[in-house]
Amino acid sequence: MVQPLLALAPTLLVIAFFLLGPSNWSRHQTWARTITCTVVGAVALRYMVWRLFETVLPYPADGANAWWVWVVFIIELLAFTEVVLFLILMSRYVDRSSEADRLGKTFFAREQQDLPTVDVFIPTYNEPLDVLERTIVGALALDYPKDKFTVYVLDDGRRDWLKTFCTERGAVHLTRTDNAHAKAGNMNNGLRASSGDFIAIFDADFVPYRHFLKRTLPFFSDEQIGIVQTPQHFFNVDPVQSNLGLENIWPDEQRLFFDEIAPSRDVWDVSFCCGSCSIARRKAVDAIGGFPTESITEDLLTTLSMLNKGYKTRYLNERLSMGLAAENLTGYFVQRERWCQGGIQTLYLHNGPLRGPGLSLFQRIMFLPMSWLVQYVVRLIVLLVPIAYLWFGALPLHFTGVADYVSNQLPVLAAYFLLMLWITPTRYLPVVSSAVGTFATFRMLPTVVSSLVRPFGKPFKVTPKGTGNEANAFDAYTFSWIAGFITATALGLLINIVPETARVHGSFSAIGALWSGINIVVLVIASLICFEKPCRLFQAFRLDEPANVDGTPGRVVSLSLDKAVVAVPTEVRFQSTQLTLRLDGFEPLHADLRQVTQRRGDISRAGDKRRFYLHLHYELSGKERDQMIVKLYTGRYSRDVPDINKIAVSMNLLLRAFGRTRTVSQ
């Protein structure tokens, strides 16, 4: 048995390694990543060897507890496998911006008539005009010769008003007689009606930046490149950010994938198309017989099909578009359930990772849907282990002592968390990230099971867009599960505090109590996500530009399609609330002054002059509205991705949990 005083030594060595090494290295250097991931992998392997030979094999082979020990170990083994694949993946990194610069100089050195033609596909089904107009107008404003690209609005809703809108703007409106094969079938219909050398795809809620084609097309100088994917950024907050009250201090959930994981996948040649905000070579799409219709995630299957034919996908990690994140929990789960089901479907397909021709062994492994298959099972087991122990005395392992446990498990937890904080310093926080995953478990795990049993049992379902979240909603289903686990864990702790009712004894009790406490904290944070907050569908952009309001100079600090907030140095008395707003590049706008505000403590150092903020509302239509869409959504402004403010996150969650607890108790 490890001596108690030495039990912390391995953990201290891990911490010392990160303090002396990674904390002083660039996280984007491949050599630094390789060393760090190798060390973390070695610590994890040490733990698994200890688990097998010291805590599993010595256990008696009969009895219910023996089965439980093996179940927990097998789940841990699956988690270890996923971690190893993640470490291999993240051990390399590439930033292709400089490559885009170099290739662009050559690509655009040719004469304009020699540039390739591009078809811009905007597949749509039931999105409202205020969602679609931004995408259509933004696509038409692409900085590329007008005779070299055509915008196709692929309308599976067959709406006359949309046809009229497209005709007025100069986009091609396409419909078909049925909606067979959903989005993939819709885009294949677009292929038959178009002839461009390349196909850029934007979902109905994503607006391309004006320089999208100038940054992505040069990669196709390499004939092996079939698709170039770019990250998806959002101009609204997702429901996790909103419901936790972390809109300005916590990044949206997809940043970890698009900012960190996707560039690492690219350097290994296992990057994949994510559908929207991508551009594909028509020759490559034709080579695979059009966009695949066998899976509800045609984007992932398109990548696999192209790999079968020898084409590659490239990932350019630059913000080149902006769109809507899931606006509420309903949309959040519709989207993720579709991704989960589609990923699992590939296991059963002839062009998937198991049977697809032309894939290397490494590619086959990296395209397995391991994350979907493993993560939610692991999170469920993490919640169940202390409950099984506290209520039934079921140990998850042959326990050799607290010192052994601390010496072997604590180092691997420390190594993994420190790795994540190093590789993704602004995208990850252990407890909160775990809470988000735990929250999703209760809805996603049934989807994983049903997708394995009946992979093609559910049809394609469109993510709701443009619906917003105007009223307080409540995810009673998920909250019931979370409340049940909190109750079972808390009662188990209470029962075992009293010696007369205690069901467990021994040194594992302290670890079980700590484990239970951490689970309760994670579950409480997860429960907060169940309470949806009303939020605006379209948020304004922050800026600082000159403006003039009825002759009074000021600075416009916030701007949207229907409102401007203008800062003026002194309080101004207007004769009317109907004012004229002048912005650079626009004809005078007729605006309605609805509010004048003053921010607390907003006093200049030169004296006690105060800045007042005029809230001006207006209605734009026609060319004026299109002009404002181009100004706001095509790359001039963006909603900044905030870095994690760990102290602010902790305080916000503490206050929110306390406030929500009081509300529920009342």
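For clarity, every value in this text was computed on a predicted model and none was experimentally measured. (Residues numbered from 1 in each chain as written. Predicted model: local features only at pLDDT ≥ 70, side-chain atom pairs only at ≥ 80, totals over all residues. Heavy atoms only, no water.)

A few points about the pattern of salt bridges
Following the criterion strictly, the structure yields 28 salt bridges and no others. With its nearest N and O atoms 3.0 Å apart, the salt bridge here joins Asp 626 to Arg 169. Taken together, the positions of Asp 626 in helix α20 (residues 622-633) and Arg 169 in helix α6 (residues 160-169) put the pair 457 residues apart, joining distant regions of the chain. Glu 318 is the salt-bridge partner of Arg 215, the closest N and O atoms lying 2.6 Å from each other. Of this pair, Arg 215 sits in helix α8 (residues 212-216) while Glu 318 sits in the loop between β8 (312-315) and β9 (321-323), placing them 103 residues apart in sequence. (Salt bridge = Lys/Arg side-chain N within 4 Å of Asp/Glu carboxyl O. Helix = DSSP H or I, 4+ residues; strand = E, 2+ residues; numbered from the N terminus.)

Let's talk about the pairing of strand β14 (residues 563-568)
With five of its six residues buried, β14 lies for the most part within the structure. If you look at the hairpin formed by strand β13 (residues 552-559) and β14, you'll find three residues sitting between the two strands. Of the strand pairs in this sheet, β14 and strand β17 (residues 612-617) are connected by six bridges, and their pairing is antiparallel. Counted as the bridge partner of Val 568 is Phe 612 from β17. (Buried < 20%, exposed > 50% of the residue type's maximum accessible area, 1.4 Å probe, protein only. Pairing = 2+ DSSP bridges.)

A few points about the sheet that holds β13
The sheet built from six strands closes into a barrel, its strands ordered β12-β13-β14-β17-β16-β15 with antiparallel pairing. Ignoring strand direction, the axes of neighbouring strands in this sheet form an average angle of 45°. (Axes fitted to C-alpha atoms, helices over the stretch in contact; angles between N-to-C directions.)

As for the sheet that holds strand β4 (residues 198-201)
Read from one edge to the other, the open sheet built from seven strands follows the order β3-β2-β1-β4-β7-β6-β8, with strand pairing classed as mixed. Strand pairing shows two members of the sheet lacking a second neighbour, β3 (172-174) and β8, which therefore form its edges. Across this sheet, the average inter-strand angle for adjacent strands is 25°, counted without regard to direction. With four bridges joining them, β4 and strand β7 (residues 278-281) adopt antiparallel strand pairing. When the sheet's bridge partners are listed, Ile 201 is paired in β7 with Ser 278.

Looking at the environment of Ala 540
Relative to the assigned elements, Ala 540 resides in the loop between β11 (531-532) and β12 (541-549). The spacing of Ala 540 and Leu 429 is 111 residues in sequence and 28 Å in space, taken between C-alpha atoms. Discounting chain neighbours no more than four positions away, the residues touching Ala 540 are Ser 558, Leu 559 and Ser 560. (Contact = heavy atoms within 4.5 Å.)

Topic: the confidence of the model for the protein
Mean pLDDT for the protein: 90, with 92% of residues reaching 70 or above. Counting contacts from residues 601-608, a segment whose pLDDT is below 50, to residues more than four positions away or on other chains yields eight contacts. (pLDDT = per-residue confidence, 0-100.)

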